[in-house]
Number of protein chains: 2
Amino acid sequence: MANKAITSRDVDFAKWYTDVVEASRLAKYSSVKGCVILEPNGCELWDNIQFNLDKLFKETGHKNVKMPMFIPESLLEKEGELVKGFAPEVAWVTHGGSKKLEERLCVRPTSETLFSDYYSSVVRSYKDLPLLYNQWCSVVRWEKETRPFLRSREFFWQEGHTVHATSEDAENETRRMLEVYKKFFNEYLAIPVISGRKTEKEKFAGAVYTLTLEALMYNGVCLQSATSHYFGQKFSKAYDIKFLDKDNSYQYAYQTSWGTSNRMIGALIMVHGDDFGLVLPPKIAPTKVVIIPIGEVSEEVNRLKNILSNASISFIVDESDKTPGFKFASSEVNGIPIRIVVGKKDLDNGNITIFRRDTRENIVVSKDIDIVSKLNEIMEDIQSNLFLKAKKRMESMTFEAKCLSDFESIVNNQPGFIKASWCGSEECEVKLKNLTGIKSRCILESEKPNDTKCAICGSDAKHLVVWGIQY
Amino acid sequence: MANKAITSRDVDFAKWYTDVVEASRLAKYSSVKGCVILEPNGCELWDNIQFNLDKLFKETGHKNVKMPMFIPESLLEKEGELVKGFAPEVAWVTHGGSKKLEERLCVRPTSETLFSDYYSSVVRSYKDLPLLYNQWCSVVRWEKETRPFLRSREFFWQEGHTVHATSEDAENETRRMLEVYKKFFNEYLAIPVISGRKTEKEKFAGAVYTLTLEALMYNGVCLQSATSHYFGQKFSKAYDIKFLDKDNSYQYAYQTSWGTSNRMIGALIMVHGDDFGLVLPPKIAPTKVVIIPIGEVSEEVNRLKNILSNASISFIVDESDKTPGFKFASSEVNGIPIRIVVGKKDLDNGNITIFRRDTRENIVVSKDIDIVSKLNEIMEDIQSNLFLKAKKRMESMTFEAKCLSDFESIVNNQPGFIKASWCGSEECEVKLKNLTGIKSRCILESEKPNDTKCAICGSDAKHLVVWGIQY
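A. Molecular detail of the overall build of chain A. The helix and strand inventory of chain A stands at 14 helices and 23 strands. Seen through its principal axes, chain A has C-alpha atoms that stretch 80 × 55 × 50 Å. Scored against the burial criterion, the 471 residues of chain A give a buried share of 51%. A sequence separation of at least 24 residues applies to 69% of the contacts in chain A between residues at least 6 apart.

Okay, here's the thing in structure tokens:
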């Protein structure tokens, strides 16, 4: 029987999502409209995501910095496309104490402007390059409709901003960081993704082009999961980032930026979760194991605690005064990968019970086995099982459309990734969006069109594009 | 010869401080008035402080959460004293996009209001208590004069907020967290502190009482370094945090808050730094060792790299194209505790040279010694040496005043901590401040007055107080 506090995911997916967020105590709406509170479970999960992804950034030579949270209006306005893209949704600070500010400041919606301003003051010579910086922070966008982890007025993210001497270096960085994200999604979050280039309409305001990772949720809705932008010299010209090159000439630098956010937590919920709550892949779960003692079993529990501590497997022991049933349900809601039940009866037969969250199987094992090897083996199996299950689902929900009515019938039946050829015109994107709600997710650059004609207008096809309904 | 980019600390302390911040690339002023950028060295140092202090918080049962950065005006106003204390220095968001907000929001200057609002919605029963939460974030206070790490409009800090069923539990928590900070200052930052209670005039707006740690900088100026506040039921009554007690009656909860900030970096600079730049205690230095190769010595450098990696001693190798002299100076400016110079000549004699940053001594050792033990031994010695040196200085700069003219002559000659008896009246505090610029730092609760009379007004003394000039 599924958790009573959680609506079935096949009955009402949106309600199921909200129920899981609440029941697993990841986040809670605050008294500040459109802003959530990350409760201990949500904060710990985000901290663990940050810790692991940050390691990948450091391994690829990146360093962290911290920019101010405010951007003066005049600084924001220097790059025309960026300000056009973000001005409608920024929060403005107009007063400091009781005084009106001479110039209003926006709370950063993204920090290209601040990084570029900084780079213009520190980049002097080709010897200073590349500069590979990143920051972890929260940003603010004044959204109308909000949803925990998917869309909120303040959200947590990281934004990498790099400066290079050549376009080649900058483009390599743009691709390289997409690969870093892909590795993280596949190997840590156990989430399969497709990658490609955004269309001109969907690219980041101010970018020459945007690369993206797109993931598919359980209900067939797409989630833009990480993006990596190549800026060329757009910002360096607007913010005057020049350097003295090897040949003694002044050159404008080339830049990139790339980011991903606490949407990753939304993706974890909607890719792996079930009617019992959250399901966390072991590599990203802050707590890998919960031990639940039933009866007088403290000796065995202490023995296990020692073994797990020595093996650096993070665990908790639920010694609260709740019933075993309550403890089981709560460890499942929280998505803890493995539960070890140490019961008096089992123990009298020399056994303990291992429960794996992904398949909800109980495995009775002798308490004398090599428990660390067993747990590691199960965790590896959970990790790959979750990825393969999600991948199989993504593949089964990837469709092809040859004409407009194909799009319509797919989206009315079972939405998903829809592959279709496209002529390259924005008009077709707008038309499809208006008729069906479907938007382009990305251009598959390495694949040829699956038809000679655009599935929307019938003109000559230029690209194979993945389309879908998006969060 | 000291670093040319750095003014001598005995000539112009304020200029020296700014020079060290700039030369060590900890921080840089941004285009946003009163806000700094934490550059990679500063960010890494702050991250490392956070990592280590957070461990102490977790060991004492605390969990992290993340509150929104905004506070609606009506929520801020619920606790009268707090709003009086902070209203003159908050930044107000009045517009979202092009629309005027119905209610303006301040950017958090501190988060008692948000935590209390949250607690009022989750605390139901005595079984829910205590709740021991903390958050790492930045806060904003619209200061007029700013200085990197000491006073800036946006700064990084942590704020713990806890709820308890009894006043006794809450008061224990208030004292316990002051001890945690003291441990961190003494054992990690190698900074000695005095601790005590703030006077009514100097306590936190909204607190019943405030405990504080005060440190003494090289120039004799005091730095309030960490505070821990007992709130009693002030906020629980204002924000309606009630719980059902064991006896089935509803009770208002008892609360605390406690915080410390990136001022710690300012303290590290001003307690340990010298004319060659930053001096970091090994326990808090992100990089413990820099290896500088001179000539063809790659085999030996690789050998050392392996040894240090295996021993988990964080290090960098400076293989840039700069001169050895430049590299020496730069490793010193950055305060790296130990430098290993691997020079061709030394190596031909079987030696390498170890330089310790605190005493600036070179130690020539055989390359065949147990290098890990040697480094650990030197790092421990640096750590305790820095603490003892600072403690000795603090003691030599702790004075006693028996009358007003004592205060004046101390502060005109060599400021420091000034112990003096006090009658308990705010008038005396105001008078002393106006005459000499000296403020009360804290009441030494466990010590008796050193005179029967107040050093300022001559009435009966109630407390022994430490006074000083403050940042």
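B. Examining the sheet that holds strand E4 (residues 70–72) of chain A more closely. If you walk across this open sheet you meet the 6 strands as E4(A)-E6(A)-E5(A)-E5(B)-E6(B)-E4(B), and the pairing is antiparallel. Strand pairing shows two members of the sheet lacking a second neighbour, E4 of chain A together with strand E4 (70–72) of chain B, which therefore form its edges. On average, each strand axis in the sheet is tilted by 45° relative to the strand beside it, whichever way the strands run. Judged from the 3 bridges that link them, E4 of chain B and strand E6 (residues 99–107) of chain B form a sheet pairing that is antiparallel. Along E6 of chain B, the bridge assignment pairs Phe-70 of chain B with Val-107 of chain B.

C. Here's a closer look at the sheet that holds strand E16 (residues 315–317) of chain B. All names here are of chain B. Read from one edge of the open sheet, 5 strands run E16-E15-E17-E18-E19, paired in mixed fashion. The sheet terminates laterally at E16 and strand E19 (361–366), the two strands that pair on one side only. Averaged over neighbouring strand pairs, the angle between their axes works out to 25° when direction is ignored. Two strands pair when backbone bridges link them, and strand E15 (residues 289–294) and strand E17 (residues 338–343) are joined in this way by 6 bridges, in the parallel orientation. Across the sheet, the residue bridging to Val-289 is Ile-338, located in E17.

D. Region of interest: the relation of the copies chain A and chain B. For these two chains of identical sequence, chain A goes onto chain B by a turn of 180° and a shift of 0.0 Å along the axis, with RMSD 0.0 Å. Such values leave the two copies arranged in the relation of a two-fold axis. Closest to the rotation axis within chain A is the C-alpha of Val-93 of chain A, separated from it by 2.1 Å. Interface overlap between copies is the fraction of interface residues in one copy that are interface residues in the other; for chain A against chain B it reaches 100%, indicating a shared surface.

E. Here's a closer look at the domain arrangement of chain A. Domain boundaries in chain A define domain 1 (13–272), domain 2 (289–381) and domain 3 (398–468). Looking at the side of domain 1 of chain A that touches domain 3 of chain A, the elements that each hand over two or more residues are strand E9 (194–197) and strand E10 (209–216) of chain A.

F. A look at the interface of chain A and chain B. Counting residues at the interface gives 40 residues for chain A, matched by 40 residues for chain B. Within the residue set of the side of chain A that touches chain B, elements represented by two or more residues are strand E2 (36–38), helix H2 (40–59), strand E3 (63–64), E4, strand E5 (91–96), strand E6 (99–107) and helix H5 (112–122) of chain A. By residue number, the principal contributor to the side of chain A that touches chain B is E5 of chain A, which donates 6 residues. Here the residues of the side of chain A that touches chain B are counted per class, giving 23 nonpolar, 9 polar and 8 charged. Relative to strand E5 (residues 91–96) of chain B, E5 of chain A runs antiparallel, the two being bridged by 5 bridges. Within E5 of chain B, the residue paired with Trp-92 of chain A across the bridge is His-95 of chain B.

G. Expanded view of the nonpolar core. Among the nonpolar cores identified, the biggest contains 286 residues, and Ile-418 of chain A together with Ile-418 of chain B are the most heavily contacted of them. Leave out the neighbours within four places in its chain, and Ile-418 of chain A touches Phe-399, Ala-401, Phe-407, Ile-410, Ile-438, Val-466, Trp-467 and Gly-468 of chain A.

H. Broad picture of the environment of Glu-296 of chain B. With respect to the helices and strands, Glu-296 of chain B occurs in the loop between E15 and helix H9 (298–310). Along the sequence, Glu-296 of chain B and Ile-49 of chain B sit 247 residues apart, while their C-alpha atoms lie 37 Å from each other.

I. Quick look at unusual backbone geometry. Of note, the amide linkage connecting Leu-129 of chain A to Pro-130 of chain A takes the cis form, showing an omega dihedral of 0°. Checked against the element boundaries, Pro-130 of chain A lands in the loop between H5 and strand E7 (131–140). Phi is positive for Asp-240 of chain A, which is not a glycine, with a value near 60°. Within the secondary structure layout, Asp-240 of chain A lies in the loop between helix H7 (234–239) and strand E12 (242–244). If you check the backbone angles, Arg-360 of chain B has positive phi at about 55° while not being a glycine.

J. Representation of helix H13 (residues 404–413) of chain B in the model. Residues and elements named next belong to chain B. Among the residues of H13, Phe-407, Ile-410 and Val-411 are the ones counted as buried. The buried residues of H13 occupy an angular sector of 90° when the element is viewed end-on, so they sit on one face. Turned more than 90 degrees off the buried face of H13, the exposed positions are Ser-405, Ser-409, Asn-412 and Asn-413. Residues of H13 that are buried sit in contact with strand E20 (398–400), strand E21 (417–422) and helix H14 (426–436).

K. Representation of the packing of helix H2 (residues 40–59) of chain B against helix H6 (residues 167–188) of chain B within the structure. Residues and elements named next belong to chain B. One way to put it is that H2 packs onto H6 with a least axis distance of 11 Å and a crossing angle of 140°. Relative to H6, the element H2 lies oblique. For the pair H2 and H6, the sense of crossing is right-handed. In this structure, H2 contributes Asn-52, Leu-53 and Leu-56 to the contact, and H6 contributes Val-180, Lys-183, Phe-184 and Tyr-188. Of the residues belonging to the contact of H2 with H6, the class tally is 5 nonpolar, 1 polar and 1 charged.

L. Quick look at helix H10 (residues 324–333) of chain A. Residue and element names in this part refer to chain A. Along H10, the residues that are buried comprise Ala-329, Ser-330, Ser-331, Glu-332 and Val-333. Summarising the contacts, the buried residues of H10 are in contact with helix H1 (13–23), strand E15 (289–294) and strand E17 (338–343). Gly-335 occupies a position one or two residues after H10 and carries a positive phi of about 75°.

M. Quick look at the pairing of strand E14 (residues 254–261) of chain A. Residue and element names in this part refer to chain A. For E14, the tally of buried residues reaches 8 of 8 residues, placing the bulk of the element in the interior. The alternating pattern of E14 places Tyr-254, Thr-256, Trp-258 and Thr-260 on one face and Gln-255, Ser-257, Gly-259 and Ser-261 on the opposite face, and all of these are buried. Note: strand E8 (residues 154–164) against E14, 8 bridges, orientation antiparallel. If you follow Val-163 over to E14, its bridge partner there is Gln-255. Relative to E14, strand E11 (residues 222–232) runs antiparallel, the two sharing 5 bridges. Note that in E14 the partner of Gly-232 across the bridge is Gln-255.

N. Region of the structure containing the environment of Asn-64 of chain A. Checked against the element boundaries, Asn-64 of chain A lands in strand E3. The class of Asn-64 of chain A is buried, set by 21 C-beta atoms lying within 10 Å. Taking the C-alpha atoms as reference points, Asn-64 of chain A and Gln-135 of chain A, 71 residues apart in sequence, are found 5.3 Å from one another. With residues near it in sequence (within four places) discarded, Asn-64 of chain A still touches Asn-134, Gln-135 and Trp-136 of chain A together with Pro-40, Cys-43, Glu-44 and Asp-47 of chain B.

Here is what the cut-offs are and how they apply
Residues numbered from 1 in each chain as written. Chains lettered and ligands numbered in written order. Predicted model: local features only at pLDDT ≥ 70, side-chain atom pairs only at ≥ 80, totals over all residues. Helix = DSSP H or I, 4+ residues; strand = E, 2+ residues; numbered from the N terminus. Buried ≥ 20, exposed ≤ 12 C-beta atoms within 10 Å, placed from the backbone. Contact = placed C-beta atoms within 7 Å. Pairing = 2+ DSSP bridges. Axes fitted to C-alpha atoms, helices over the stretch in contact; angles between N-to-C directions. Least-squares fit on C-alpha atoms with pLDDT ≥ 70 in both. Domains from an automatic or database assignment. Nonpolar A, V, L, I, M, F, W, Y, C, P; charged D, E, K, R; others polar. Core = buried A, V, L, I, M, F, W, Y, C linked by C-beta atoms within 7 Å. Arc of directions from axis to C-beta. Parallel < 35°, antiparallel > 145°, perpendicular 65-115°, else oblique. Left-handed = near helix turned anticlockwise from the far one by under 90°.

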